[in-house]
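# Chains, contacts and geometry: an overview
As a plain string of letters, each chain reads:
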Amino acid sequence: MNRRWLPAWLGLFVLCAESASPPNAAKAADVAMPVKTIAVPALDVWTFTLAPYVWMPSLNGSTTVKGRTTNVDVTFVDILEHTKIPKDLLGVMAYFEARNGRYSFFGDVVYLKVGLNGDMTRSRGTDNLNATVGASAGLKLEMVIAQLAAAYEVARWASTSGPGSSTAIDLYGGVRGWWQKADASVDLGGTVNVGDLTFNPDRTLTASGDVSWLDPLVGIRLRQQFAPGMDLVMSGDVGGFGAGSKFSWQALAAFNTTLLVRNNVTWSGMIGYKALYVDYSQGSGLNQYEYKMTMHGPIIGLTARF
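Residues numbered from 1 in each chain as written. Predicted model: local features only at pLDDT ≥ 70, side-chain atom pairs only at ≥ 80, totals over all residues. Heavy atoms only, no water.

### Structural notes on the overall build of the protein chain
Our working rule: Comment: elements are numbered from the N terminus, with helices defined as DSSP H or I runs of at least four residues and strands as E runs of at least two. We call a residue buried when its accessible area falls under 20% of the maximum for its residue type, exposed when it is over 50%, and partly exposed in between, using a 1.4 Å probe and counting protein chains only. A contact between two residues is defined here by any heavy atoms of the two lying within 4.5 Å.
Helix and strand counts for the protein chain stand at three helices and 14 strands. Relative to its 306 residues, the protein chain shows a buried fraction of 40%. Taking all contacts inside the protein chain whose residues are at least 6 apart in sequence as the whole, residues at least 24 apart take part in 66%.

Right, here's the structure in full:
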């Protein structure tokens, strides 16, 4: 073939190749193929709350130790005025909670020691005693109350009180354990059966006893967030049902407001009111122990969420 015709043949070959190609073939290499993305569901994360607090309870009710009943009706102010801290008045309390989505587990532990003198108590005997009981010389109570429960959020909706506000309702169930020790002192006046009492240096007699029991409980809790950093929690439960105590109930209202956020921990101030009632009894006669008391008063504490 004559080399003069080679450029002409090459031009004709290129022209035929371009005519045979699809119209958009030249651009196809420049168009990126679409990438299909798969949405990954967000995982619920655990959040934790720890809240040490102080409970300042008033006491209304009675306790019976070895058949001797002491009636109590005192405010927390009365207790402060007539007791020595920490010898006769000491309390350690803490609340904790772990939450993941709709589920949560929470607990509350209370240690309380209260010493009341004879001016704040009144003694009486029972029909099972063949003796009268002298005037009350005082009552000392020491107890541990530990509650553990699991909760499930059954409803949640946005509130109209402002941006970021919401309302949620939880149902919960669990147990509340008690350990309690009571020392009830009486004067030597009257015809007292002293066979099972302890003589004191101040010429009084003391009846002592300690018990422990476990109460099942069920309750409901409302969580109201007014705005970011401001929330109110209200809860109430009933328990006992004869399994431990005859009956018990608890009511709580606590308001939290954020103070500061540091190192991924939100610190809040907490103020509220807590009431707890229990009716427990075991034994009879000189072996009877009974605690039928309402403890109620303000609470104040510090909450850490992380």
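### Observations regarding empty space enclosed by the protein
Threshold: Only protein atoms enter the 1 Å grid used here, on which a cavity is any set of points holding a 1.4 Å probe that cannot leave and a pocket is any open set flanked by protein within 12 Å on both sides along at least five of seven lines; residues with an atom within 4 Å of a point are listed as lining. Grid points are joined across faces, edges and corners, and a volume is the space filled by probe spheres set on the points. Under the scheme applied, nonpolar residues are Ala, Val, Leu, Ile, Met, Phe, Trp, Tyr, Cys and Pro; charged residues are Asp, Glu, Lys and Arg; polar residues are all the others, including Gly.
In this structure the tally under the stated criterion is two cavities of 30 Å³ or more. Reported here for the largest cavity is a volume of approximately 50 Å³. The set of elements that each furnish at least two residues to the lining of the largest cavity consists of β5 (103–117), β7 (136–158) and β13 (265–282). For the lining of the largest cavity, the per-class residue count stands at three nonpolar, two polar and three charged.

### Some details on the nonpolar core
We count it as follows: Buried Ala, Val, Leu, Ile, Met, Phe, Trp, Tyr and Cys residues form a nonpolar core when they are joined through side-chain atoms within 4.5 Å.
Membership of the largest hydrophobic core comes to 42 residues, with the highest contact counts inside it found for L59, W178, Y291 and M295. In this structure, Y291 is in contact with S62, T63, L141, M143, W178, Q180, V278, D279 and Y280, ignoring residues within four places of it in sequence.

### Regarding the pattern of salt bridges
Our working rule: One side-chain nitrogen of Lys or Arg within 4 Å of one carboxyl oxygen of Asp or Glu is enough to make a salt bridge.
Evaluation of the coordinates by the stated rule reveals ten salt bridges. For E97, the salt bridge identified is with R221, shortest N-O distance 3.2 Å. On the criterion of sequence distance, the pair formed by E97 in strand β4 (residues 89–100) and R221 in strand β10 (residues 204–227) is long-range, its members being 124 residues apart. Residues E97 and R221 agree in their burial class; the two are buried.

### Digging into the layout of surface pockets
Taken as a whole, the largest pocket encloses approximately 990 Å³ of empty space. E97, R223, D231, V233 and R305 are, among the 41 residues lining the largest pocket, the residues nearest its centre. For the lining of the largest pocket, the per-class residue count stands at 15 nonpolar, 15 polar and eleven charged.

### A closer look at unusual backbone geometry
The omega torsion across I85 and P86 is 0°, close enough to zero to call that bond cis. Relative to the elements of secondary structure, P86 occurs in the loop between α3 (76–82) and β4. Located in the positive-phi region is F241, a residue other than glycine, with phi close to 55°. Relative to the helices and strands, F241 resides in the loop between β11 (230–239) and β12 (247–262).

### Regarding a nonpolar patch on the surface
Using the following cut-off: Put simply, a patch holds well-exposed residues, over 30% relative accessible area, that have no salt bridge, with like charges counted together within 9 Å and Val, Leu, Ile, Met, Phe, Trp or Tyr side chains within 5 Å. Working definition of accessibility: Shrake-Rupley area with a 1.4 Å probe, residue cover restricted to the visible protein chains.
Together, W46, F48, L50, F96, F105, V109, L148, V175, L214 and F306 make up an exposed nonpolar region whose accessible area comes to about 930 Å². Those elements giving two or more residues to the nonpolar patch turn out to be β1 (47–55) and β5.

### Describing the side chain of R99
Our working definition: For the purposes of these results, a polar contact is taken to be a pair of N or O atoms within 3.5 Å, where, inside protein, one atom must be able to donate a hydrogen and its partner to accept one; residues adjacent in sequence count only when each atom of the pair is a side-chain atom.
Here R99 shows up in strand β4. For R99, a relative accessible area of 14% corresponds to the buried category. A polar contact is formed between the side chain of R99 and the backbone oxygen of G101, at a distance of 3.1 Å. Apart from the residues within four sequence positions on either side, R99 is in contact with V45, W46, T47, S104, E153, D170, R221 and R223.

### Side note on the pairing of strand β2 (residues 58–65)
Put simply, the rule is: Two strands pair if DSSP finds at least two bridges between them.
By the criterion of burial, β2 is predominantly enclosed, with six of the eight residues buried. Sheet topology places β2 next to strand β14 (residues 289–305); eight bridges connect them, and they run antiparallel. The residue of β14 that forms the bridge with V65 is Y289. In this structure, β2 lies alongside strand β3 (residues 68–74), joined through seven bridges in antiparallel fashion. Counted as the bridge partner of T64 is T69 from β3. Between β2 and β3, which pair antiparallel one after the other, the connecting turn spans two residues, and K66 there sits at a positive phi close to 55°.

### A few points about the pairing of β3
For β3, the tally of buried residues reaches six of seven residues, placing the bulk of the element in the interior. Pairing geometry for β3 and strand β6 (residues 121–124), over four bridges, is antiparallel. Paired with V72 across the bridge in β6 is T121.

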